[in-house]
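# Working through the structure, step by step
Each chain is listed here by its residues.
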Amino acid sequence: MVEFRDMVKNMHRNGIEVILDVVYNHTAEGNEQGPTVCFRGIDNETYYRLEETQKRYYTDYTGTGNTLDTRLPAVLRLIMDSLRFWVEEMHVDGFRFDLASALARGSDEVQTLGTFLNIIHQDPVISQVKLIAEPWDINEDGYQVGQFPAGWAEWNGKYRDSVRRFWKGDKRMLGCFAQRFLGSPDLYMQSFRRPSASINFITAHDGFTLQDLVSYNEKHNEANGEDNNDGESNNDSWNCGEEGETNNVTINLLRKKQKMNFMATLLLSQGVPMIAAGDEISKTQKGNNNAYCQDNEISWLNWTEADTVMLEFTKKLILLRQNHPSLSRREWIMDKQFGADGLPHIAWLSATGELMDDQKWELDDENTLRVFLHGEGISGKDKNGTDIIDSHFLLIFNGGECETCFKLPGIRFSQKWKVEVSTAAKGVGKEKFLAGEALCVEEKSIIVLRAIF
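Residues numbered from 1 in each chain as written. Predicted model: local features only at pLDDT ≥ 70, side-chain atom pairs only at ≥ 80, totals over all residues. Heavy atoms only, no water.

### Some details on the overall build of the protein
- Looking only at helices and strands, one finds 11 helices and 14 strands in the protein.
- On C-alpha atoms alone, the protein measures out to a radius of gyration of 24 Å, which is about the 22 Å that the 2.2 N^0.38 rule sets for 453 residues.
- Structurally, the protein occupies a C-alpha span of about 75 × 55 × 45 Å along its principal axes.
- Classification of the 453 residues of the protein by burial places 53% in the buried group.
- Pairs at least 24 apart in sequence give 67% of the contacts found in the protein among residues at least 6 apart. (Helix = DSSP H or I, 4+ residues; strand = E, 2+ residues; numbered from the N terminus. Rg over C-alpha atoms; globule rule 2.2 N^0.38 Å. Buried < 20%, exposed > 50% of the residue type's maximum accessible area, 1.4 Å probe, protein only. Contact = heavy atoms within 4.5 Å.)

Here is the structure:
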């Protein structure tokens, strides 16, 4: 414990917060056939949810065989004492709650204003740290993305799914992709939460790595010893033309672009980006999307084979986000609001540089998003209490299979634009463009332009 506390203090000295991933929804005792190792041997009926008709059987909302019963005082006291210890003694900055929907269940249904969450909100210690929900469990009504109350951030599973489907090439994804890019106001604004409520991610410790997301259509979990029956089968992945590793130069080039597209989308979106360790160096698990049981080369990080190009690209994106508050706003970007210069705070543009027609959002063949972000239309103040002012940005996401040409907006938006990011394999030809100039965007690629005057 001393070593852990010293680690936290050292991270704090270097400007790094520590969020602890906690699993209070189940124990290692499994179902009624599992071993007796902890609470079953103390008081089975006090600690676990049991079937009403036959109490020898466990109610399983977690997929592990059992579910701790957070309706009961002993369990609530155990959890709250544990949380306070980690804050007061170990000085962690917050928690990510595994399968938080299972914790929030009442008699049966998920109650996001029920006992468990109310006790946390009322606690003078726990209510002051960062609280992140994994807002689902395995039951059919357990998927609660967007439903947790104010004060909670959430792993945004809808962000993951929408972004994967957009870059895979699914139809009619433009509107949904735009919502996720903006921090999912459709999910969080109505509950008086900010964009920081959306923990955006493409991959996590469960599921495919980023490299495998672009290399496999199907899971390959044979090494787990369950005949490939374990792990999620619906991954919204795309192998770019061939399953698994390949020497095909064209396919590998497309995979490289797709990895960059995913990472750029993640780090350019409003909300809080979460990068799974290893994605920045193109870690592969050989198609295994349930590698928790593999303490070997399948799950380890291999820095000797790190993809240095991907690593440098990720560093560049992180630095761009850090240096430009336009790309990480604390407040929502409000539609139909304008700056002192008459420009909108946000504008969705057509291929001609004009405002996008509403009907375009639902077209099957519309798969390019062009968005203007006003650098002076940023709500809130900086740490010194002054107005937040940044450059204007123009971001172009071409999720289609064909090159698309775009006429840059008129001079009132900016006289010149500088290319800050491009995932195009062929590049964009030059570093700067003039207002009204044509810009062709390669298929399956992103271009980020910053206004210069």
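### Some thoughts on the sheet that holds strand β14 (residues 445-452)
- Strands sit in the order β7-β8-β9-β14-β11-β12 across an open sheet of six strands; the sheet is antiparallel. Looking at the sheet topology across the chains shown, the edges are occupied by β7 (346-348) and β12 (432-434). Across this sheet, the average inter-strand angle for adjacent strands is 25°, counted without regard to direction.
- Pairing geometry for β7 and strand β8 (residues 368-373), over three bridges, is antiparallel. Within the sheet, the bridge partner assigned to W348 lies in β8 and is V371.
- Each of β7, β8 and β9 (393-398) touches helix α7 (residues 174-181); the most contacted strand, β8, lies at about 35° to it. (Pairing = 2+ DSSP bridges. Axes fitted to C-alpha atoms, helices over the stretch in contact; angles between N-to-C directions.)

### Examining the state of the cysteines
- The final tally for this structure, using the stated rule, is one disulfide.
- Between the sulfur atoms of C405 and its disulfide mate C440 the distance is 2.1 Å. In this structure, the disulfide formed by C405 and C440 twists by about 90° around the S-S bond and is classed as right-handed. Residue C405 is found in strand β10 (residues 404-407), and its partner C440 is found in strand β13 (residues 438-441); the two are separated by 35 residues along the sequence.
- Take C405: its relative accessible area is 39%, and that puts it in the partly exposed class. (Disulfide = S-S within 2.5 Å.)

### Looking at the nonpolar core
- Ranked by internal contacts, the top residues of the largest apolar core, which has 45 residues, are W348, L373, L395 and F397.
- Sorting elements by how many residues they give to this core places helix α10 (residues 249-268) first, with nine residues.
- Setting aside residues up to four positions removed in sequence, W348 forms contacts with A178, F181, L182, E354, L355, M356, W361, L369, R370 and V371.
- In terms of nonpolar packing, the next biggest core, distinct from the first, is built from 37 residues, F39, I79, M90 and I120 among them. (Core = buried A, V, L, I, M, F, W, Y, C linked by side-chain atoms within 4.5 Å.)

### Notes on the side chain of T59
- Here T59 lies in the loop between α2 (39-47) and α3 (73-88).
- The exposure class assigned to T59 is buried, which follows from its relative accessible area of 13%.
- A polar contact is formed between the side chain of T59 and the side chain of E51, at a distance of 2.6 Å.
- Ignoring sequence-local partners within four residues, the contact set of T59 consists of R49, L50, E51, N66 and T67. (Polar contact = N/O pair within 3.5 Å; in protein donor to acceptor, adjacent residues only side chain to side chain.)

### What about the pairing of β13?
- Alternating residues of β13 divide into L439 and V441, all buried, and A438 and C440, none buried.
- Judged from the four bridges that link them, β10 and β13 form a sheet pairing that is antiparallel. The partner of C405 across the bridge, within β13, is C440.

### A short note on the environment of A424
- Among the secondary structure elements, A424 is positioned in the loop between β11 (416-422) and β12.
- Separated by 235 residues in the primary sequence, A424 and M189 have C-alpha atoms spaced 34 Å apart.
- Ignoring sequence-local partners within four residues, the contact set of A424 consists of E442 and S445.

### Focus: the sheet that holds strand β2 (residues 94-97)
- Sheet architecture is open: six strands sit in the order β1-β2-β3-β4-β5-β6, paired in parallel fashion. At either end of the open sheet lies a strand with only one pairing partner, and these are β1 (19-22) and β6 (272-274). Taken pair by pair, the neighbouring strands of this sheet meet at an average axis angle of 25°, ignoring direction.
- Pairing of strand β4 (residues 153-155) with strand β5 (residues 198-201), which is carried by two bridges, proceeds in the parallel orientation. In the sheet register, W155 faces β5, and the bridge partner there is I199.

### Considerations on the pattern of salt bridges
- On inspection of all chains with the given rule, the structure shows 25 salt bridges.
- In the salt-bridge network here, residues are joined through shared partners; they are D21, R96, D98 and E134. (Salt bridge = Lys/Arg side-chain N within 4 Å of Asp/Glu carboxyl O.)

### Points about the packing of helix α6 (residues 157-168) against α7
- At a closest axis distance of 9 Å, the pairing of α6 and α7 adopts a crossing angle of 135°. In terms of their interaxial angle, α6 and α7 are classed as oblique. The handedness of the crossing between α6 and α7 comes out as left-handed. Contacts between α6 and α7 pair K158, Y159, S162, V163, F166 and W167 from the former with L174, C176, F177 and R180 from the latter.
- In the contact of α6 with α7, the residues fall into seven nonpolar, one polar and two charged. (Parallel < 35°, antiparallel > 145°, perpendicular 65-115°, else oblique. Left-handed = near helix turned anticlockwise from the far one by under 90°. Nonpolar A, V, L, I, M, F, W, Y, C, P; charged D, E, K, R; others polar.)

### Describing α6
- Here α6 spans 17 Å end to end across 12 residues, near enough to the 16 Å set by a 1.5 Å rise per residue.
- For α6, every residue scored as buried is listed here: G157, Y159, R160, D161, S162, V163, R164, F166 and W167.
- Measuring from the side-chain oxygen of the N-cap residue of α6 to the backbone nitrogen of K158 gives 3.1 Å; that N-cap residue is N156.
- Phi for G169, located one or two positions after α6, is positive at around 105°. (Expected span 1.5 Å × (residues − 1).)

### Here's the deal with the pairing of β8
- For β8, the tally of buried residues reaches six of six residues, placing the bulk of the element in the interior.
- Side-chain alternation along β8 places T368, R370 and F372 on one buried face and L369, V371 and L373 on a second face that is also buried.
- Bridge count between β8 and β9: six bridges; the pairing is antiparallel. Bridge assignment links T368 to a residue of β9, and that residue is N398.

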